[in-house]
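If you want the building blocks of each chain, they are given just below.
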Amino acid sequence: MVRDARAGDASRKEADTALAAEREHLLYEAVKGLRAAAADVLDDRRGPASR
């Protein structure tokens, strides 16, 4: 994708855009999972009194 952009090659722009969107979604899902796991760990450390 980067090479195409630097070269000004727009022939694969549609495929590159779709790939970028897929990667963005996967990153979003990974971050969401990480936040949920961190929240679980923090809740466990606080104990039942803080819930």
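Residues numbered from 1 in each chain as written. Predicted model: local features only at pLDDT ≥ 70, side-chain atom pairs only at ≥ 80, totals over all residues. Heavy atoms only, no water.

Colleague: Go over a nonpolar patch on the surface, please, and point to the residues and values.
Modeller: Among the surface-exposed residues, Met1, Val2 and Leu19 lie close enough to one another that they form a single nonpolar patch of about 230 Å² accessible area. Of note, Val2 is situated in helix α1 (residues 2-7). (Patch = residues over 30% accessible without salt bridge, like charges linked within 9 Å, V, L, I, M, F, W, Y side chains within 5 Å. Areas by Shrake-Rupley, 256 points an atom, 1.4 Å probe, with all protein chains shown as cover. Salt bridge = Lys/Arg side-chain N within 4 Å of Asp/Glu carboxyl O. Helix = DSSP H or I, 4+ residues; strand = E, 2+ residues; numbered from the N terminus.)

Colleague: Which residues make up the side chain of Asp4, and what values go with them?
Modeller: Tracing the chain through its elements places Asp4 in helix α1. When its relative accessible area of 13% is taken as the criterion, Asp4 is described as buried. Looking at Asp4, its side chain comes within polar contact range of the side chain of Arg12, at 3.3 Å. (Buried < 20%, exposed > 50% of the residue type's maximum accessible area, 1.4 Å probe, protein only. Polar contact = N/O pair within 3.5 Å; in protein donor to acceptor, adjacent residues only side chain to side chain.)

Colleague: Summarise the pattern of salt bridges; cite the residues concerned and give the values.
Modeller: Under the counting rule described, the total for this entry stands at three salt bridges. The closest approach of N and O atoms between Arg12 and Asp4, which form a salt bridge, is 3.3 Å. Among the ionic pairs, Arg12 bridges to Asp16, the shortest N-O distance being 4.0 Å. Several salt bridges converge on common partners, so that one network encompasses Asp4, Arg12 and Asp16.

Colleague: Let's hear about the environment of Ala21: which residues, and what values?
Modeller: Among the secondary structure elements, Ala21 is positioned in helix α2 (residues 13-46). Separated by 17 residues in the primary sequence, Ala21 and Asp4 place their C-alpha atoms 16 Å from one another.

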